[in-house]
Amino acid sequence: MASESFYITTPIYYVNAKPHLGHTYTTMVCDTMARYMRQRNREVFFLTGTDEHGDKIARSAEKAGLDYYTFATQNATAFRETWEKLHISFNDFIRTTEERHKKVVQTVLQKIYEKGDIYLSDYEGKYCFGCERYLTEKELTPEGNCPDHQVPPTPLKETNYFFKLQKYLPLLRKELEKNPELIFPNGYYRETLGAIDELIKLGEDLSISRPKKRLKWGIELPFDSDFVTYVWFDALLNYLTGIGYPKEDPFPRFWPQAHHVIAKDILKPHAIYWPCMLMAAELPLYKRLMVHGYWLGMDDLKMSKSLGNAAEPLSLAEKISEDGMRYFLLREMHFGQDARFSDNILEMRLNQDLANNLGNLIQRVLSMLKKYAPPRPNVLEHPLFSKIEGFLQQIKDNYHKAMADFQFHEALEEIMSLARFLNQQIEVYRPWDLAKKNDASLGPFLYILTKSIVVILIYLEPFLPNKSKEFLELLLEKKQRNFPESLHDIELKEKIPKSWPVFFNRLSLASS
Ligand code: ME8
């Protein structure tokens, strides 16, 4: 039987700069979910890529003294290579400058134009080149700046093509009322309903083009060669191109399961423009839009390249290990809310969870197995056994429930609570005393702990793919694909190795 499909996407990132920790977070979220779903035997398609057209890129290329495509290629390569070095398990990397994408954009535009949902008109407003859109007065800061880029928008007047957004807004509102799960967490769902009402009140449609005499760097409109596509109409369609639209494969299989992951900065285009575009193109809506908050720098502002407060992912991974970075990002941010990044928080979190709690547990248990070498028991008869089985039932429920809503911090907390419990049991049962007394319960006790460690590592695989794999290969007879629900599911290696690497090196960042 064909397994159920799962489609997950990152935003396609602008190529005006190199990736920073904010991009890395979203990409890690998608990677973790992709790995989790594969481990649950789902057929996964994970798409990421780069957004390469528009004013912002053209201006950065000019500043760098390069032609647009060369400039875009340099940074697209930086994104791709960063994700490859961080072992991001994407299935495809899409660039909006590719021919396959141009075809999709033109096909969809032509279809919507022929239906009469695209028309030519004049527009005057305040344009933010950073956001690539006109801002409303209400959105500006008290100083009149763009809230994200902290610069005043530029007054602009031009003739452009418009998409009949107003026609679809009431339909979208109805759709959202029927399906509140479409946008998650709920705060962003409610924000979207408010923004739709606001747009309906304003009565404006969506500008979808730029005159070529002002901007050449874009996909030409199929029905007017004097214009190129405005960046959102180009960018959002990548989610269709990536899975082969309009071809028969694999688009129909994956599209109904589409999960878009974004930060709140691009909520409006994804929660409003995109579903309206899909309705106009007579395509079903995506399954879910998952919206996270911002990583804030030490200055408490959104991490961004332009503010110079963003951490660089590869050097961070080198400093704290790739898995350390993955764990920190997913454990520290509560998906949906903002999180602050600092060396202190980083050091505290990783030392506490990975070095002290889990690292210590692994070290203690494997050392005792080696030192006391108790005979391997046939049955795990010990009062601890049923307690752990009970724990596993609770973990199974809570972990998967948390994962379904991208509440990674809760899923991880669930696993870490098992590690804490096991550390406590070592204090309770004092295996060193059992060894002195030649107590027959030592074997079952240590083997129960070892199997429990394996369970923990399997549940951590989507989050710590490298370390989990390394240790599971040392401990397991053969790779276990699914999530275990009982210690009976674990088949340990005949010979547990006598030496093993450090699970996680304690960090001391303040002094480094
Ligand atoms: O908006 N905290 O690209 P972009 C958390 N090309 N996430 C952050 C972040 C931060 N401080 N900074 C960036 C674009 N991100 C468009 C998208 S999609 C069809 C087109 C992440 O390079 C987060 O995922 O500005 C955010 O939504 C995205 O990078 C914006 O990337």
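Coordinates for the structure precede this section.
The sections below set out a description of the structure shown in this document. Please read all numbers here as calculations on a predicted model, not as lab measurements.

Criteria and cut-off values
- Residues numbered from 1 in each chain as written.
- Predicted model: local features only at pLDDT ≥ 70, side-chain atom pairs only at ≥ 80, totals over all residues.
- Heavy atoms only, no water.
- 1 Å grid on protein atoms, 1.4 Å probe; cavity = no way out; pocket = protein on both sides within 12 Å on 5 of 7 lines; lining within 4 Å.
- Points joined across faces, edges and corners; volume = space filled by probe spheres on them.
- Helix = DSSP H or I, 4+ residues; strand = E, 2+ residues; numbered from the N terminus.
- Nonpolar A, V, L, I, M, F, W, Y, C, P; charged D, E, K, R; others polar.
- Expected span 1.5 Å × (residues − 1).
- Buried < 20%, exposed > 50% of the residue type's maximum accessible area, 1.4 Å probe, protein only.
- Arc of directions from axis to C-beta.
- Contact = heavy atoms within 4.5 Å.
- Polar contact = N/O pair within 3.5 Å; in protein donor to acceptor, adjacent residues only side chain to side chain.
- Near = heavy atom within 4 Å.
- Areas by Shrake-Rupley, 256 points an atom, 1.4 Å probe, with all protein chains shown as cover.
- Pairing = 2+ DSSP bridges.
- Axes fitted to C-alpha atoms, helices over the stretch in contact; angles between N-to-C directions.
- Parallel < 35°, antiparallel > 145°, perpendicular 65-115°, else oblique.
- Salt bridge = Lys/Arg side-chain N within 4 Å of Asp/Glu carboxyl O.
- Phe/Tyr/Trp six-rings, centres within 6.5 Å; stacked < 30°, edge-to-face > 60°.

## Overview of the layout of surface pockets
Piece 1. For the second largest pocket, the calculated volume is near 320 Å³.
Piece 2. Every residue lining the second largest pocket is counted, 20 residues in all, and those nearest its centre are Y123, Y134, E204, D205 and Y273.
Piece 3. For the lining of the second largest pocket, the secondary-structure elements that each account for two or more residues are strand 5 (118-128), strand 6 (133-135), helix 6 (186-202), strand 9 (206-207) and helix 10 (267-280).
Piece 4. Per-element tally for the lining of the second largest pocket: the top contributor is strand 5, with 5 residues.
Piece 5. Grouping the amino acids of the lining of the second largest pocket by side-chain chemistry returns 10 nonpolar, 3 polar and 7 charged.

## Focus: helix 3 (residues 68-85)
Piece 1. Here helix 3 contains 18 residues, and its C-alpha end-to-end distance of 26 Å stays within 8% of the 26 Å for a straight helix at 1.5 Å per residue.
Piece 2. For helix 3, every residue scored as buried is listed here: F71, A72, N75, A76, A78, F79, T82 and W83. Across the axial projection of helix 3, the buried residues extend over an arc of 145 degrees, all falling on one side.
Piece 3. Of the surrounding secondary structure, the elements contacted by the buried residues of helix 3 are strand 2 (13-14), helix 1 (21-39), strand 3 (43-51), helix 2 (55-64), strand 4 (92-95) and helix 11 (313-320).
Piece 4. N-capping of helix 3 is provided by D67, with a side-chain oxygen placed 3.2 Å from the backbone N of Y69.

## So, the site of the ligand
Piece 1. Close contacts around the ligand come from 24 residues, with I12, T26, D51, D265 and W295 the closest.
Piece 2. Note that an oxygen atom of the ligand is positioned 2.6 Å from one of the side-chain N or O atoms of T26.
Piece 3. Backbone polar atom of A263 to an oxygen atom of the ligand: 3.1 Å apart, as the coordinates give it.
Piece 4. Burial of the ligand by the protein amounts to 95% of the accessible area it has alone, namely 670 Å².
Piece 5. Broken down by class, the residue content of the shell around the ligand amounts to 13 nonpolar, 8 polar and 3 charged.

## Notes on the sheet that holds strand 7 (residues 154-163)
Piece 1. Spatially, the 4 strands line up as an open sheet ordered 6-5-7-9, and their pairing is antiparallel. Only two strands of the sheet have a single neighbouring strand rather than two, namely strand 6 and strand 9.
Piece 2. One ladder, built from 3 bridges, connects strand 5 with strand 6; its direction is antiparallel. Bridge pairing in strand 6 places K126 opposite L135.

## Examining the sheet that holds strand 10 (residues 209-211)
Piece 1. A sheet is described by the order of its strands in space; here 3 strands give the open sequence 10-12-11, paired in antiparallel fashion. What marks the edges here is a single partner per strand, and that holds for strand 10 and strand 11 (220-221).
Piece 2. Direction of pairing for strand 10 relative to strand 12 (residues 224-229): antiparallel, over a ladder of 3 bridges. Bridged to S209 within strand 12 is T229.

## Considerations on the packing of helix 14 (residues 383-404) against helix 17 (residues 442-460)
Piece 1. Where helix 14 meets helix 17, the closest approach of the two axes is 11 Å, and the angle between their N-to-C directions is 5 degrees. The angle between helix 14 and helix 17 places the two elements in the roughly parallel class. In contact with L384, F385, I388, L392, I395, K396, Y399 and H400 of helix 14, helix 17 contributes F445, I448, L449, S452, V455 and Y459.
Piece 2. Class assignment for the residues of the contact of helix 14 with helix 17 results in 11 nonpolar, 2 polar and 1 charged.

## Notes on empty space enclosed by the protein
Piece 1. For the structure on display, the rule yields 1 cavity of 30 Å³ or more.
Piece 2. Taken as a whole, the largest cavity encloses approximately 30 Å³ of empty space.
Piece 3. What lines the largest cavity is S321, D323, G324, L354, L464, K467, F503 and F504.
Piece 4. Residues that form the lining of the largest cavity fall into these classes: 4 nonpolar, 2 polar and 2 charged.

## Observations regarding the pattern of salt bridges
Piece 1. Under the counting rule described, the total for this entry stands at 38 salt bridges.
Piece 2. In this structure, the salt-bridge partner of R214 is D55, at a minimum N-O distance of 3.3 Å. Of the two residues, R214 sits in the loop between strand 10 and strand 11 while D55 sits in helix 2, which places them 159 residues apart along the sequence.
Piece 3. Put simply, R253 and D249 hold a salt bridge, and the shortest N to O gap is 2.7 Å.

## Side note on the packing of helix 12 (residues 322-332) against helix 18 (residues 465-475)
Piece 1. Close contact between helix 12 and helix 18 brings their axes to 7 Å; oriented N to C, the two are set at 120 degrees. Judged by the angle between their axes, helix 12 and helix 18 are oblique. Contacts between helix 12 and helix 18 pair E322, D323 and R326 from the former with P465, N466, K467 and S468 from the latter.

## Observations regarding the environment of P152
Piece 1. Position of P152 among the secondary structure elements: in the loop between strand 6 and strand 7.
Piece 2. Along the sequence, P152 and L140 sit 12 residues apart, while their C-alpha atoms lie 8.4 Å from each other.
Piece 3. Excluding anything up to four places from it in sequence, P152 contacts G144 and N145.

## Regarding the packing of aromatic side chains
Piece 1. On inspection of all chains with the given rule, the structure shows 39 aromatic pairs.
Piece 2. Consider the rings of Y119 and F162, whose centres lie 5.9 Å apart with planes at 25 degrees: the pair is stacked. In this pair, Y119 is assigned in strand 5 and F162 in strand 7, connecting sequence segments 43 residues apart.
Piece 3. With 5.3 Å between their ring centres and 70 degrees between their planes, F471 and F503 make a pair best called edge-to-face. Here F471 is found in helix 18, whereas its partner F503 is found in the segment after helix 18, with 32 residues between them in sequence. Assigned by exposure class, F471 and F503 land together as buried.

## Topic: the pairing of strand 12
Piece 1. Examined bridge by bridge, strand 11 and strand 12 share 2 bridges and lie antiparallel to one another. Bridge pairing in strand 12 links L221 to D224.
Piece 2. Where strand 11 hands over to strand 12, the hairpin turn is made up of 2 residues, counted between the paired strands.

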